[in-house]
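Listed here are the chains, written in short residue letters.
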Amino acid sequence: MPSAATPLRLPEEALERSRYRFAVARNVKTPLAACLICWAGLGLLTLFALGLEAGRHLDVRLFLGLAENPRADAGGVAEALAALADLLPMLAMLTVACGVALIRRRPGDALAALFVVAGANVTTQLLKALLAHPRVKTAIGGNPFEPNTFPSGHTTAAASIAIAYALVVPAALRNLTLALGAGFVLAVGCSVVAIGWHYPSDVLGAYLIAAGWGFAALAAMRVIAPRGGRGVGVSPRTPLPSP
């Protein structure tokens with residue numbers, strides 16, 4: 001014979017499941033919205049920097065002001081920083097990031113890191129081909145007709161690697177990892193402009209691409225992880241404030 005408490009337990013469990021689903025949905029909407037904002041921002045930046053004459057002129061003026069006549073020692077440091085985002089260093093850093101996730105027994109985090117790095121860098125290379133636009137760089141000896149500079153591949157690589165590490169480290173280290181990653185990404189972005197490889201808009205475009213893929217990965221992790229019993233940011237027992 002069912003106990004007196006049985007009729008009360010089922011509604012409580014149903015309410016808890018409903019609140020849990022609401023919490024997960026709410027946590028997914030935020031990174032999805034941020035992802036859409038990144039892609040919208042990239043579209044506006046592309047239109048401004050490549051499609052509008054005023055935008056192109058501003059980009060060139062900023063470029064010349066930042067890259068003209070760099071000091072020899074500063075140029076060497078900038079080249080060394082930019083080289084950290086070359087293919088081989090990037091693959092080495094990605095391997096370490098995936099290794100961290102696997103050591104923590106979180107293969108899903110490793111897949112998320114691969115998803116961000118691969119998605120962001122493939123997107124950048126495709127956009128380079130689709131949006132090729134010659135802009136003058138003769139003031140510092142660059143190729144005056146180099147068309148495929150938007151977005152910056154080196155900056156995309158650096159930003160996607162920084163996001164990958166933020167996805168795989170323990171929560172206690174995440175803020176520190178984000179701070180170090182932001183410094184690394186900013187250094188690479190400034191370096192590729194200082195040595196005359198890219199315009200400021202190329203760097204901003206790379207930031208938006210990497211961030212867009214990062215937010216997409218975060219949304220996917222929040223949807224998938226709770227099904228395996230390891231929720232991201234919320235669990236079935238997480239108390240939620242009453243409306």
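Every value quoted in this text rests on a predicted model; they were computed, and no experiment measured them. (Residues numbered from 1 in each chain as written. Predicted model: local features only at pLDDT ≥ 70, side-chain atom pairs only at ≥ 80, totals over all residues. Heavy atoms only, no water.)

A count of helices and strands for the chain gives eight helices and zero strands. Helices and strands appear in the chain in the N-to-C order α-α-α-α-α-α-α-α. With 243 residues in all, the chain has 39% of them scored as buried. The long-range fraction of contacts in the chain, counting pairs at least 24 apart against all pairs at least 6 apart in sequence, stands at 77%. (Helix = DSSP H or I, 4+ residues; strand = E, 2+ residues; numbered from the N terminus. Buried < 20%, exposed > 50% of the residue type's maximum accessible area, 1.4 Å probe, protein only. Contact = heavy atoms within 4.5 Å.)

Mapping Trp 39 onto the fold places it in helix H1 (residues 6-51). As for Trp 39 and Ala 211, which are separated by 172 residues in sequence, their C-alpha atoms are 9.1 Å apart. Residues contacting Trp 39, with those up to four places away along its chain left out, are Thr 123, Ile 209, Gly 212 and Trp 213.

This next bit is on unusual backbone geometry. Look at the link from Phe 150 to Pro 151: it is a cis peptide, with omega at -5°. Here Pro 151 lies in the loop between helix H5 (107-130) and helix H6 (153-168). The backbone of Arg 105 sits at a positive phi, close to 60°, despite the residue not being glycine. On the secondary structure map, Arg 105 appears in the loop between helix H4 (87-103) and H5. You can call Arg 105 exposed: its relative accessible area is 71%.

An α-helical segment advances 3.6 residues per turn. Residues three or four places apart therefore align on the same side. An ideal rise of 1.5 Å per residue puts 24 Å on 17 residues; H4 measures up with 24 Å between its terminal C-alpha atoms. Inspection of H4 places Met 90, Leu 94, Ala 97, Cys 98 and Ala 101 among the buried residues, and these make up the whole buried set. The arc enclosing the buried residues of H4, seen along the axis, measures out at 95°, which places them on a common side. Away from the buried face of H4 by more than 90 degrees, exposed residues Leu 88, Thr 95, Leu 102 and Ile 103 are located. Those residues of H4 that are buried are in contact with H5 and H6. At the C-terminal side of H4, Arg 105 shows a positive phi close to 60°. (Expected span 1.5 Å × (residues − 1). Arc of directions from axis to C-beta.)

As a volume, the largest pocket reaches approximately 610 Å³. Only H6, helix H7 (174-194) and helix H8 (200-224) provide two or more residues apiece to the lining of the largest pocket. Looking at side-chain class alone, the lining of the largest pocket contains 16 nonpolar, four polar and five charged residues. (1 Å grid on protein atoms, 1.4 Å probe; cavity = no way out; pocket = protein on both sides within 12 Å on 5 of 7 lines; lining within 4 Å. Points joined across faces, edges and corners; volume = space filled by probe spheres on them. Nonpolar A, V, L, I, M, F, W, Y, C, P; charged D, E, K, R; others polar.)

The next thing to look at is the pattern of salt bridges. Going through the model one piece at a time under the given rule, you end up with two salt bridges. In this structure, Asp 109 engages Arg 104 in a salt bridge whose closest nitrogen and oxygen atoms are separated by 3.9 Å. The exposure class assigned to Asp 109 is buried, which follows from its relative accessible area of 6%. Judged by relative accessible area, Arg 104 falls into the partly exposed class, the value being 29%. (Salt bridge = Lys/Arg side-chain N within 4 Å of Asp/Glu carboxyl O.)

By size, the foremost hydrophobic cluster in this structure holds 26 residues, and its most contacted members are Leu 94, Val 117, Ile 161, Val 168 and Val 192. Sorting the residues of this core by element identifies helix H2 (53-67), helix H3 (72-83), H4, H5, H6 and H7 as the ones contributing at least two each. Considering each element in turn, this core owes the most residues, six residues, to H6. Those residues in contact with Val 168 that lie beyond four places of it in its chain are Ala 97, Val 100, Ala 101, Arg 104, Asp 109 and Ala 113. (Core = buried A, V, L, I, M, F, W, Y, C linked by side-chain atoms within 4.5 Å.)

All right, on to the confidence of the model for the chain then. For any part of a model where pLDDT is low, the fine detail of the predicted coordinates should not be relied upon. Averaged over all residues, the pLDDT of the chain equals 81, while 72% of them reach at least 70. Confidence scores differ between elements of the chain, with H1 showing the lowest mean pLDDT of 75 and H6 the highest of 97. Taken together, the stretch residues 227-243 has pLDDT below 50 and engages in 21 contacts with residues farther than four places along the chain or on a different chain. (pLDDT = per-residue confidence, 0-100.)

Let us look at the packing of H7 against H8. What describes two packed helices is the angle between their axes and the distance between those same axes. With their axes 9 Å apart at the nearest point, H7 and H8 run at an angle of 150° to one another. Relative to H8, the element H7 lies roughly antiparallel. In this structure, the crossing between H7 and H8 has a hand that is right-handed. Where H7 abuts H8, its residues Val 185, Leu 186, Gly 189, Val 192 and Val 193 lie against Pro 200, Val 203 and Tyr 207. Here the residues of the contact of H7 with H8 sort into seven nonpolar, one polar and no charged. (Axes fitted to C-alpha atoms, helices over the stretch in contact; angles between N-to-C directions. Parallel < 35°, antiparallel > 145°, perpendicular 65-115°, else oblique. Left-handed = near helix turned anticlockwise from the far one by under 90°.)

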